[in-house]
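Listed below are the residues making up each chain.
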Amino acid sequence: DGGITQSPKYLFRKEGQNVTLSCEQNLNHDAMYWYRQDPGQGLRLIYYSQIVNDFQKGDIAEGYSVSREKKESFPLTVTSAQKNPTAFYLCASSIPPQVSGRKNEQFFGPGTRLTVL
Amino acid sequence: KQEVTQIPAALSVPEGENLVLNCSFTDSAIYNLQWFRQDPGKGLTSLLLIQSSQREQTSGRLNASLDKSSGRSTLYIAASQPGDSATYLCAVRAGGYNKLIFGAGTRLAVHP
């Protein structure tokens, strides 16, 4: 059953803590993405990775970090430097444009809701 | 800077109605436009993707059109059902690394 999994579904963070959100895919996609969604707003890109061991900042990367050691995995760490981390976090993957051309459809995981206590 | 706007923000209709959701974008230099559905507390499900060279795409009761020159797309839902209740998001792809820029969504409620 191919798809994208995110864990945990709900996460609570205390002030000053770092927390890591997991994203795994078995779609054999090279490109992976992290988005943040706030209530009543669209998604905003945090980080993206087109291939293993490579990643780039998106529009709102401050206070976040990522790694891409395996094709299947793209974990996101929310650091204590992120001043307003309470949000819904969504991971996505796609075949990169160099392979799929203009189509390049993105597929999303079920999300992780992070709340700061 | 590309901006995506969706109107209306919320819509409530009786079952069986045909309805249109609107999406507009400020920069016509896009590669494609994608419509998504999001149920409360869930991830996004891709509904339709329209390439910049296409005018429309259809899937079942859904039809999406694209007018790139005017910066507009519409999602047409025929014979709406209560199960269609969800938030519908549109996103345009611009830039070489597949960056998607999202609208804030239209929250749809279809009541029996």
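Read on for a plain summary of the structure.

## As for the overall build of chain B
Step number 1: Helix and strand content of chain B: zero helices and 11 strands.
Step number 2: Over its C-alpha atoms chain B spans a radius of gyration of 13 Å, differing by no more than 12% from the 13 Å that the globule rule assigns to 112 residues.
Step number 3: By its C-alpha atoms, chain B is 45 × 30 × 20 Å across when sized along the principal axes.
Step number 4: Across the 112 residues that make up chain B, the buried fraction comes to 46%.
Step number 5: Once the 10 positive and 8 negative side-chain charges of chain B are each reduced to a mean point, those two points are 7 Å apart.

## Focus on the side chain of B:T106
Residue and element names in this part refer to chain B.
Step number 1: By the secondary structure assignment, T106 is in strand β11 (residues 106-111).
Step number 2: Using a relative accessible area of 0% as the deciding quantity, one classes T106 as buried.
Step number 3: Aside from chain neighbours lying at most four places away, what touches T106 is Q6, I7, P8, A9, L11, L21, A86, T87 and Y88.

## Thoughts on the pattern of salt bridges
Step number 1: For the structure shown, the criterion picks out six salt bridges over all chains.
Step number 2: Between A:D38 and A:R36 there is a salt bridge; the shortest N-O distance is 2.9 Å. Across the pair, exposure class does not vary: A:D38 and A:R36 are buried alike.
Step number 3: The salt bridge partner of B:K99 is A:D59, with a shortest N-O separation of 2.7 Å. A residue pair is termed interchain when its members come from two chains, as with B:K99 in strand β10 (residues 99-102) and A:D59 in the loop between β6 (56-57) and β7 (64-66).
Step number 4: In this structure B:K99 comes out as buried when scored by relative accessible area, which is 14%.

## Description of the interface of chain B and chain A
Step number 1: Taken together, the contact between chain B and chain A spans 23 residues of the former and 26 residues of the latter.
Step number 2: Surface buried jointly by chain B and chain A totals about 1,900 Å² across both partners, of which 50% is contributed by carbon and sulfur atoms.
Step number 3: Taken together, the connections running from chain B to chain A amount to one salt bridge.
Step number 4: Across the chain B-chain A interface, the total number found is five residue pairs in polar contact (both at pLDDT 80 or more).
Step number 5: Among the elements of the structure, β4 (32-38), β5 (44-51), β9 (86-94) and β10 of chain B are those that each provide at least two residues to the side of chain B that touches chain A.
Step number 6: Of the residues that constitute the side of chain B that touches chain A, the class distribution is nine nonpolar, 11 polar and three charged.

## Overview of the state of the cysteines
Step number 1: Scanning the entire structure with this criterion turns up two disulfides over all chains.
Step number 2: For A:C23, the disulfide goes to A:C91, at an S-S distance of 1.9 Å. On the S-S bond that ties A:C23 to A:C91, the torsion sits near -75°, and the link is left-handed. Of the two residues, A:C23 sits in strand β3 (residues 19-25) while A:C91 sits in strand β9 (residues 87-94), which places them 68 residues apart along the sequence.
Step number 3: One disulfide bridge connects B:C23 with B:C90, the sulfur atoms lying 1.9 Å from each other. Since a negative S-S torsion denotes a left-handed disulfide, the B:C23-B:C90 link at about 70° is right-handed. You can see B:C23 sitting in strand β3 (residues 19-25) and its partner B:C90 sitting in strand β9, a full 67 residues away along the chain. Pair check on accessibility: B:C23 and B:C90 agree, each one buried.

## Let's talk about the sheet that holds strand β8 (residues 72-77) of chain B
Residues and elements named next belong to chain B.
Step number 1: With antiparallel pairing, the five strands of this open sheet are ordered in space as β1-β3-β8-β7-β6. Of all the strands in the sheet, the pair left with one neighbour each is β1 (4-7) and β6 (56-59). Neighbour-to-neighbour, the strand axes of this sheet turn through a mean angle of 15°, independent of strand direction.

## Here we look at a nonpolar patch on the surface
Step number 1: On the surface, A:Y10, A:F12 and A:L117 cluster together into a nonpolar patch covering about 370 Å² of accessible area.
Step number 2: You can see A:Y10 is positioned in strand β2 (residues 10-13).

What counts, and where the lines are drawn
- Residues numbered from 1 in each chain as written.
- Chains lettered and ligands numbered in written order.
- Predicted model: local features only at pLDDT ≥ 70, side-chain atom pairs only at ≥ 80, totals over all residues.
- Heavy atoms only, no water.
- Helix = DSSP H or I, 4+ residues; strand = E, 2+ residues; numbered from the N terminus.
- Rg over C-alpha atoms; globule rule 2.2 N^0.38 Å.
- Buried < 20%, exposed > 50% of the residue type's maximum accessible area, 1.4 Å probe, protein only.
- Lys, Arg positive; Asp, Glu negative; His and termini not counted.
- Charge placed at Lys NZ, Arg CZ, Asp CG, Glu CD.
- Contact = heavy atoms within 4.5 Å.
- Salt bridge = Lys/Arg side-chain N within 4 Å of Asp/Glu carboxyl O.
- Buried area = accessible area lost by both parts, 1.4 Å probe.
- Polar contact = N/O pair within 3.5 Å; in protein donor to acceptor, adjacent residues only side chain to side chain.
- Nonpolar A, V, L, I, M, F, W, Y, C, P; charged D, E, K, R; others polar.
- Disulfide = S-S within 2.5 Å.
- Pairing = 2+ DSSP bridges.
- Axes fitted to C-alpha atoms, helices over the stretch in contact; angles between N-to-C directions.
- Patch = residues over 30% accessible without salt bridge, like charges linked within 9 Å, V, L, I, M, F, W, Y side chains within 5 Å.
- Areas by Shrake-Rupley, 256 points an atom, 1.4 Å probe, with all protein chains shown as cover.

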